[in-house]
Amino acid sequence: HALRLYKEHIMKNYNRAVLGTGIIANETAAAMQKNGRNLFAVGNRTHDKAVTFAEKYNIGKVYDSYDEMFTASDVDIICITTPHNTHYDFIRSIL
């Protein structure tokens, strides 16, 4: 029973967003696609980079504002892929 519940939880199709469009974001998106998962949204401080990233990985939503992504009711999980020295401030904003 517990294994079935775990598998259902893992297989659930969460709306995942990626914050950033650099190397780690690309690796994250490629790994997710390889495993049958897609990103729901991308957020970046540079709109053109976010649009290019979204087109590359068939992502339907682009956020120009981090705060908009952080408060979006349709985003379940945010993968922070920006440089490590930015993580703390982003996490504080999300919480």
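Below you will find a few notes about this structure.

Rules used throughout
Residues numbered from 1 in each chain as written. Predicted model: local features only at pLDDT ≥ 70, side-chain atom pairs only at ≥ 80, totals over all residues. Heavy atoms only, no water. Helix = DSSP H or I, 4+ residues; strand = E, 2+ residues; numbered from the N terminus. Buried < 20%, exposed > 50% of the residue type's maximum accessible area, 1.4 Å probe, protein only. Contact = heavy atoms within 4.5 Å. 1 Å grid on protein atoms, 1.4 Å probe; cavity = no way out; pocket = protein on both sides within 12 Å on 5 of 7 lines; lining within 4 Å. Points joined across faces, edges and corners; volume = space filled by probe spheres on them. Nonpolar A, V, L, I, M, F, W, Y, C, P; charged D, E, K, R; others polar. Phe/Tyr/Trp six-rings, centres within 6.5 Å; stacked < 30°, edge-to-face > 60°. Pairing = 2+ DSSP bridges. Axes fitted to C-alpha atoms, helices over the stretch in contact; angles between N-to-C directions. Core = buried A, V, L, I, M, F, W, Y, C linked by side-chain atoms within 4.5 Å.

**Quick look at the overall build of the chain**
Item 1. Within the chain, the secondary structure is distributed over five helices and four strands.
Item 2. Listing each helix as α and each strand as β along the chain from the N terminus yields α-β-α-β-α-β-α-β-α.
Item 3. Looking at the chain residue by residue over its 95 residues, the buried ones come to 31%.
Item 4. Across the chain, every contact between residues at least 6 apart in sequence was considered, and the portion connecting residues at least 24 apart equals 51%.

**A word on the layout of surface pockets**
Item 1. In this model, the largest pocket occupies a volume close to 200 Å³.
Item 2. Around the largest pocket, the lining residues are G20, T21, G22, N44, R45, T46, K49, Y66, T81, T82, P83 and T86.
Item 3. Taken together, the residues of the lining of the largest pocket sort by class into two nonpolar, eight polar and two charged.

**What to know about the packing of aromatic side chains**
Item 1. Per the stated rule, a full pass over the model turns up two aromatic pairs.
Item 2. Considering the side-chain rings of Y66 and F70, the 6.4 Å spacing of their centres and the 20° angle between planes classify their relative orientation as stacked. One end of the pair, Y66, and the other, F70, are both in helix α4 (residues 66-71), four residues apart, so they sit about a helical turn from each other.
Item 3. By relative accessible area, F70 is classed as buried at 12%.

**A word on the sheet that holds strand β1 (residues 16-19)**
Strands pair in a sheet through their backbones, by hydrogen bonds, and they do so in one of two ways: parallel or antiparallel.
Item 1. The strand order across the open sheet formed by four strands is β3-β2-β1-β4, and the pairing between neighbours is parallel. Each having just a single partner strand, β3 (61-63) and β4 (77-80) make up the two edges of the open sheet. With strand direction ignored, the average angle separating the axes of adjacent strands in the sheet is 20°.
Item 2. Direction of pairing for β1 relative to strand β2 (residues 41-43): parallel, over a ladder of three bridges. Bridge assignment links V18 to a residue of β2, and that residue is V42.
Item 3. In this fold helix α5 (residues 87-94) packs onto β1 and β4, with an angle of close to 165° to the strand it touches most, β4.

**Notes on the nonpolar core**
Item 1. Formed by V18, A25, A29, M32, L39, V42, A50, F53, A54, Y57 and I59, the largest nonpolar core amounts to 11 residues.
Item 2. Listed by contribution, the elements that provide at least two residues to this core are α2 (23-34) and α3 (47-56).
Item 3. In this view, V18 contacts A25, L39, A41, V42, G43, F53, M69, C79 and T81; residues no more than four positions away in its chain are not counted.
Item 4. A17, Y63, F70 and F90 belong to the second largest nonpolar core, which has nine residues in total.

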